[in-house]
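Fold and geometry: a report
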Amino acid sequence: MNEWWILVGLLTVPLIAVYLNIPAPVPSTELYSWMSSGSFFTFKNYNIFYRDSWGAVGSSNVVILLHGFPTSSYDWYKVWEGLTQHFQRVIALDFLGFGFSDKPRPHHYSVFEQASIVESLAVHLGLMDQKINILSHDYGDTVAQELLYRYEQNRTGHLMINSLCLSNGGIFPEAHYPRVIQKVLKDAGLLASVLTRFMNYFFFSRGIREVFGPYTQPTEAESWDMWTGIRVNDGNLVMDSILQYINQRQKYRDRWVGALAAASIPLHFIYGPLDPVNPHPEFLTLYRKLIPRSTVSVLDDHISHYPQMEDPTGFFNAYLTFMNSF
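In short, a report on the structure.

Looking now at the overall build of the chain. The helix and strand inventory of the chain stands at 15 helices and eight strands. For the chain, the spread of C-alpha atoms along the principal axes amounts to about 75 × 40 × 40 Å. Classification of the 326 residues of the chain by burial places 55% in the buried group. Averaging the positions of the 23 positive and the 29 negative side-chain charges in the chain gives two centres separated by 6 Å.

Below, the structure is given as structure tokens:
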């Protein structure tokens, strides 16, 4: 009997070692093209990936796109071309810990640092004196709220924000329902560092499909692109650290919700109502109550948490209508 357990151990150990050292997937042609079209700038010795496309001739509008968790700037690829036809410059970045940007560990990831990275990117691109429109999603919504707070408080180095459009982000902790794995990872301590090492494409793809609508599921290629973006630079190993943003949302709720409530700029929210993370009608009722100045676009009933990917035409038209309203 003891010999049997020894044999199992001898077989298991190398298998686990191999599993834990599986390299990141090779980027698809589409994802590689996205990366190749971008650049990097340095923030506190960290390399931050961004794309900066010059678009419509005659337009002076600039838009910065802020992506969600756990994905990357590639989330915007379906609306990128349309945006370049209406904006002078379309800019997106991978936050620290995401996509092709550096993913340091150990590291104290925070919404405040991500907001400072966006401001540093604006400095790098010579945009600090130019009005900027922000289009955000999910985690990016919270970063946008901090940028808005700094703008309204006239903090040193703040962006000159012209407008803000949010989408399917958990901006109200009381109406936000993280996935089970998110709650486990953010609070599991040392166990989380073990769990992140055993994350794989099967579990990721299953989880990501749960936040897409039944008729707008990501293709296998899209799922692999999202997973590849996570696995670059071992991003799966920093997810537990990044997920502290959920606790930060609770701690700084008054600061960030207050920034929206007191905003002096045009606000809009594009909402996929089938979102299990920010469910309808609870989320929308609260948003309209607390942010009455904001306009809202509700997409088709079957659109869920990733509206820019699930319904890029509806999402783009909603954003363009908002931009033409002021």
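Looking at the largest pocket, its volume works out to about 610 Å³. Residue lining of the largest pocket: 26 residues in total, with R179, I181, F203, G207 and I208 positioned closest to the centre. Among the secondary structure elements, those contributing two or more residues to the lining of the largest pocket are α6 (180-187), α7 (190-197) and α8 (201-209). Of all the elements, α8 adds the most residues to the lining of the largest pocket, at five residues. Its residues assigned to classes, the lining of the largest pocket comprises 17 nonpolar, five polar and four charged.

What the rule picks out here adds up to 30 aromatic pairs. Considering the side-chain rings of W34 and Y74, the 5.5 Å spacing of their centres and the 75° angle between planes classify their relative orientation as edge-to-face. Here W34 is found in helix α2 (residues 29-36), whereas its partner Y74 is found in the loop between β3 (62-66) and α3 (77-84), with 40 residues between them in sequence. The class for Y74 is buried, based on a relative accessible area of 8%.

This next bit is on empty space enclosed by the protein. Gaps between atoms show up when a probe of the same size as a water molecule is rolled over them. Summed over all chains, the structure comprises two cavities of 30 Å³ or more. Roughly 60 Å³ of internal volume is contained in the largest cavity. F69, P70, T71, G97, F98, G99, K103, G229, I230, G235, M239 and I242 together form the lining of the largest cavity. Contributions of two or more residues to the lining of the largest cavity are made by α9 (220-231) and α10 (239-242). In terms of residue class, the lining of the largest cavity is built from six nonpolar, five polar and one charged. Roughly 40 Å³ of internal volume is contained in the second largest cavity. Around the second largest cavity sit T71, S72, Y74, D75, D225, M226, G229 and I230, which together line it.

Here the focus is the sheet that holds strand β1 (residues 39-43). With mixed pairing, eight strands are arranged side by side in an open sheet as β1-β2-β4-β3-β5-β6-β7-β8. The sheet terminates laterally at β1 and β8 (295-298), the two strands that pair on one side only. For this sheet, the mean angle separating the axes of adjacent strands, direction not counted, is 25°. Where β1 lies against strand β2 (residues 46-54), five bridges are found, and the strand directions are antiparallel.

This part is about the environment of Q88. Residue placement: Q88 occurs in the loop between α3 and β4 (89-93). Residues Q88 and V62 lie 26 residues apart in sequence; the distance between their C-alpha atoms is 5.8 Å. Filtering out sequence-adjacent residues up to four positions away, Q88 remains in contact with S53, W54, G55, A56, S59, S60, N61, V62 and Q130.

What follows deals with the environment of S59. Note on placement: S59 falls in the loop between β2 and β3. By relative accessible area, which is 17% here, S59 ends up buried. Excluding residues that lie within four positions of it along the chain, S59 makes contacts with H86, F87 and Q88. A polar atom in the side chain of S59 sits 3.2 Å from the backbone nitrogen of N61.

Glancing now at helix α13 (residues 282-290). Those residues of α13 lying buried are F283, L284, L286 and Y287. Burial along α13 is one-sided: seen end-on, the buried residues are contained in an arc of 165°. In α13, the exposed positions that point more than 90 degrees away from the buried face belong to T285 and K289. Buried residues belonging to α13 abut β6 (160-167), β7 (267-271) and β8.

Conventions used here
Residues numbered from 1 in each chain as written. Predicted model: local features only at pLDDT ≥ 70, side-chain atom pairs only at ≥ 80, totals over all residues. Heavy atoms only, no water. Helix = DSSP H or I, 4+ residues; strand = E, 2+ residues; numbered from the N terminus. Buried < 20%, exposed > 50% of the residue type's maximum accessible area, 1.4 Å probe, protein only. Lys, Arg positive; Asp, Glu negative; His and termini not counted. Charge placed at Lys NZ, Arg CZ, Asp CG, Glu CD. 1 Å grid on protein atoms, 1.4 Å probe; cavity = no way out; pocket = protein on both sides within 12 Å on 5 of 7 lines; lining within 4 Å. Points joined across faces, edges and corners; volume = space filled by probe spheres on them. Nonpolar A, V, L, I, M, F, W, Y, C, P; charged D, E, K, R; others polar. Phe/Tyr/Trp six-rings, centres within 6.5 Å; stacked < 30°, edge-to-face > 60°. Pairing = 2+ DSSP bridges. Axes fitted to C-alpha atoms, helices over the stretch in contact; angles between N-to-C directions. Contact = heavy atoms within 4.5 Å. Polar contact = N/O pair within 3.5 Å; in protein donor to acceptor, adjacent residues only side chain to side chain. Arc of directions from axis to C-beta.

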